[in-house]
Amino acid sequence: MTKLEFYPVDVTYKITEDKPVIYMFGRTKAGERICVIDERFMPYFYVLPKKGENTEFLIDRLKRLESKKRDDYFRVIGAEFIDRNFLGSPMTVIKVYANTPAGVPVLREEIRSWNEVENIYEADILFVRRYLIDRGIVPMTLTEVEGDFASVKSRVPVFKAEKIMQSSNESLQPRILAFDIETYNPSNAIDMEKNPIIMVSFYAKDFQKVITWKRFNTKLNYVEFVDGEAELIERFARIIEEYGPDLIAGYFSDGFDWPYIKARADKYRIRLDLGWDYSLMKLKAGKAEAIQMNGPVSLDIFKHIDRVVSRKLRTDSKKLGDVAQELIGKGKTYVDMDKFAEVWDEGSDELEEYCKYNYNDSLVAYELTEALLPNLVEMVKIVGQPIYDVNMMSMSQLVEWYLMRQAPSFNELAPNRPSHDEIKKRRMQTYMGAFVFEPKPGLFHDIIVFDFRSLYPSIIASHNVSPSSLNCSCCADTAEMIPEIRGKMHYWFCQKKKGFMSYVIEDIIARRMRVKEIMKTTDDETKQKILDARQDGLKLLSNSFYGYFGFFGARWYSIECARATTAYARFYIKDVINKAQDAGFEVLYSDTDSIFMLLHGKDRVVAKKFIDKINLELPKLMELEYEGYYTSGLFVAVKEQSYGAKKKYALLSKDGHIKIKGFEMVRRNWSFVAKDVQQEVIRIILQENDVEKALNFVKDTIKDLKQRKVPLSKVVIHTQLQKPIAEYENVGPHVAVAKRMQDSGEEVGPGSMIKYVVVQGTGKIRDRAKMPDEVMGNEYDYDYYINNQVLPAVESIFSVLGHKKEELVQPEQSKLGGFF
DNA sequence: ATCGAGCGGGG
DNA sequence: GTGTACGCTCGAT
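Reading the values: rules and limits
- Residues numbered from 1 in each chain as written.
- Chains lettered and ligands numbered in written order.
- Predicted model: local features only at pLDDT ≥ 70, side-chain atom pairs only at ≥ 80, totals over all residues.
- Heavy atoms only, no water.
- Helix = DSSP H or I, 4+ residues; strand = E, 2+ residues; numbered from the N terminus.
- Contact = heavy atoms within 4.5 Å.
- Phe/Tyr/Trp six-rings, centres within 6.5 Å; stacked < 30°, edge-to-face > 60°.
- Buried < 20%, exposed > 50% of the residue type's maximum accessible area, 1.4 Å probe, protein only.
- Lys NZ or Arg CZ within 6 Å of the ring centre and 35° of its normal.
- Pairing = 2+ DSSP bridges.
- Axes fitted to C-alpha atoms, helices over the stretch in contact; angles between N-to-C directions.
- Core = buried A, V, L, I, M, F, W, Y, C linked by side-chain atoms within 4.5 Å.
- Polar contact = N/O pair within 3.5 Å; in protein donor to acceptor, adjacent residues only side chain to side chain.
- Near = heavy atom within 4 Å.
- Nonpolar A, V, L, I, M, F, W, Y, C, P; charged D, E, K, R; others polar.

Asks: What's the story with the side chain of Ser653 in this structure? I'm lost.
Replies: Checked against the element boundaries, Ser653 lands in strand 24 (residues 649-653). Look past the residues within four positions of Ser653 in its chain and what remains in contact with it is Tyr630 and Thr631.

Written as structure tokens, this is what we have:
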């Protein structure tokens, strides 16, 4: 027996001699690639017998269960009684072992039909995830194995584990290789079948390259020429093999670059055997593409940004350039993409510019990955699942897998995921949300803001809000009443025993505080960064518990818990508002956990004294904090919407920074005229603080539209065709135009970008949608552009200032009274 | 009001 | 994979 330490990165399983074997690809402490295999783990799930059934008979029947279908042979290999907790109550279930993971769904469905079975639990937990949880292995973290090297065909040594355990908290510094492709694209439709890949770039700390297959004069030392697309793809695979990365990073690479490469490789019958075990790179197509290799992990950093990071960003766009600009202060280099295909066809030296562009995209993807990796790695360590999975988990999934990982320590049986019908039902359920103190519309100065530190998590922890502490029998008569919902719906939380989720969130809060304490004791910058990422991850997680309670797809869904959380929150914030008013402050606005008050020249010390007093009366884990001071703020008259109120405000801090909340952004299928107007109006109001100027700007634009001074190019609307024209049941304007384009002999299909202009006339929009070329002069329908494009883009902004859209369209009457 | 489809990210 | 994105918005009905 040998001992070794390694960091597991990518985890999968294979069937060998009819038995499942866990494969952990990673790196040894010395930095060598390794594959550790573990044969000592079998899949299982739980069966709950119906009350009053003969359970001895059932366990016997289970043990004899087998299912043969052609080559598949699935069977139960063991069954035993086991005591668990289920949502706060003890429950005896039968733990059933299967011979292979694939057998679980088959056996599950068979057993489900049995009369003596009430329900089945934990029968949809991926084998690898189950293994990591049960064995206590945390990916990316140093793990100790005992066993021996085995002779298995592989690019890296294979070690067969007899004993395995996590040995320290130390995590791997992964080897990252970022890449990006450029494709030939003469029209603006993406066509993987027709158009070749013409460039591919790589960026790593110690390795940079751009490969292309047309030669031109260049002094760039990273450019490498090959003789064609097939060779480019082969070189691509060889570089990955030679560099041996842990993570292959890209931006939208699972959605674009990888599927593209796969499609082109298939065309040339090139095997992309990128796995460390020589396995092929696999693509799971569908709405959410997934790229699987054994060993190197595809890390599409866009996914993590889309699902977790984006809500913290100021930009609404998730384009590489915009996201990178905000996160790493670096954007895309500019090239004229419309000319790319032309330049490629010519093969001119101008291609060098496109190589630089391609190079920069890999560089930016690399730096973005590097910037987000500490947080991602900490999240991997908190949640305990592989980086590949964690990278694409949404917040609710991160919460759920954290709970799944904690559940065994509480002997808690995981509830099942909701059925389709259950989801429908849950979606219909609504409950009262946060309290919003409607702002007075207008411009104010001298504003102070307080907010509750982690309001929802601290409520969940303080008041034992948890599905398993809900309506316990022990406190039916004595439990604390939940404020706000008293009398209407009677329910309560146990006062004697901590519920699972409440305990877990309290533990997260405590852990975060400990991390923050440790941060104070070290000056080491690297350690600081890691610790900061850890506390940030814990905060993110605890902040998501409330949303998880009310999320229709959650296993531990509980509308009562969600309802109680917001009820307590409303109670506490209203209490603060009342006390603030009693203390003589003018409350301007309040939303959920924050309160905006006018200082009216009052000393800030007075305000601080006020929160100190509040904090004395709050439960231990709750705290009201000073958030900030703003020289001026613009508040919204909330416009009634079909569902709920939208919160809109803009604040200007002392350093000139503008903070905007609640303005929807324009999308790509808006005309330029609408986009331009919105952008300029926001700028004028927030930076120049000149509402009248902004109003005049819109009026001028409307005037220009009416006088047809706005060039046609600014009223063109771009919409992409998603499927063949014949498959459309509802014919929107772009489909109507596409039909005519097709009739006139143009090639139009899925992916085509349809450009159209709405022209004057009567009837449906689709009958008035014309190709830009068809439009005579400037005969666009200015009413349409005013009412459906320009006004919707700025309406919400002006409602902030109490101006109705009618003021914008009315002809100017007199200069004397301005707009009032 | 409700429903279906498009959008995002990528080139 | 012991799997099935997601939330919002517009135009049509």
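Asks: What is the right way to read the packing of aromatic side chains from this model?
Replies: The relative placement of two aromatic rings is captured by the distance of their centres and the angle of their planes. All chains considered together, the criterion is met by 38 aromatic pairs. Ring plane angle 70° and centroid distance 5.6 Å describe the contact between Phe236 and Trp258, whose orientation is recorded as edge-to-face. Of this pair, Phe236 sits in helix 4 (residues 229-243) while Trp258 is found in helix 5 (residues 253-267), placing the two residues 22 residues apart along the sequence. Here Phe236 and Trp258 have matching classes, each one buried. Taken together, Phe179, Phe202, Phe207, Phe236, Tyr243 and Trp258 form an aromatic cluster joined through their ring pairs. Over the ring of Tyr23 we find Lys14; its NZ or CZ atom is 4.4 Å from the centre of that ring.

Asks: Looking at this structure, how should I read the sheet that holds strand 9 (residues 141-150)?
Replies: Note: strands within a sheet are paired through backbone hydrogen bonds, in either parallel or antiparallel orientation. Strand order in the closed barrel formed by 5 strands is 1-2-3-10-9, and the pairing between neighbours is mixed. This sheet shows a mean twist of 45° between the axes of neighbouring strands, independent of strand direction. For strand 1 (residues 2-16) and strand 9, the ladder comprises 5 bridges, and the chain directions are antiparallel. Opposite Glu5, over in strand 9, you have Glu144 as the bridge partner.

Asks: Please explain the nonpolar core as it appears in this structure.
Replies: It is characteristic of soluble globular proteins that their nonpolar side chains tend to be buried jointly. Grouped together as the largest cluster of nonpolar side chains are 127 residues, with contacts concentrated most on Ile305, Ile387, Leu398, Leu403, Phe450, Phe452 and Phe545. Broken down by element, the residue count for this core peaks at 18 residues, all from helix 9 (residues 351-383). Dropping the residues within four chain positions of it, Leu398 is found in contact with Val308, Met379, Val383, Val390, Met393 and Leu541. In this structure, Ile702, Val735, Val748 and Ile754 belong to the second largest nonpolar core, which totals 45 residues.

Asks: Would you mind showing me how to read the side chain of Asp277 here?
Replies: Position of Asp277 among the secondary structure elements: in the loop between helix 5 and strand 16 (282-284). The class of Asp277 is buried, set by a relative accessible area of 12%. Of the polar contacts made by the side chain of Asp277, one reaches the side chain of Lys14; its length is 2.6 Å. There is a polar contact of 2.9 Å between the side chain of Asp277 and the side chain of Asn294. Beyond its immediate stretch of four places on either side in the chain, Asp277 contacts Lys14, Phe25, Lys153, Ser154 and Asn294.

Asks: Can you help me understand the protein's contact with DNA strand C in this one?
Replies: For DNA strand C, the set of nearby residues contains 27 residues, the closest of which are Tyr13, Ala123, Asp124, Phe127 and Arg417. Among atoms of DNA strand C positioned within 4 Å of the protein, sugar and phosphate together represent 60%. Between a base nitrogen of DNA strand C and a side-chain N or O atom of Gln292, the distance comes to 2.8 Å. Take Arg417: an N or O atom from its side chain is 2.4 Å from a phosphate oxygen of DNA strand C. Secondary-structure elements contributing two or more residues to the surface near DNA strand C are helix 2 (103-112), helix 3 (127-135) and strand 17 (290-292). By residue number, the principal contributor to the surface near DNA strand C is helix 2, which donates 3 residues. When the residues that make up the surface near DNA strand C are grouped by side-chain class, the tally is 17 nonpolar, 1 polar and 9 charged.

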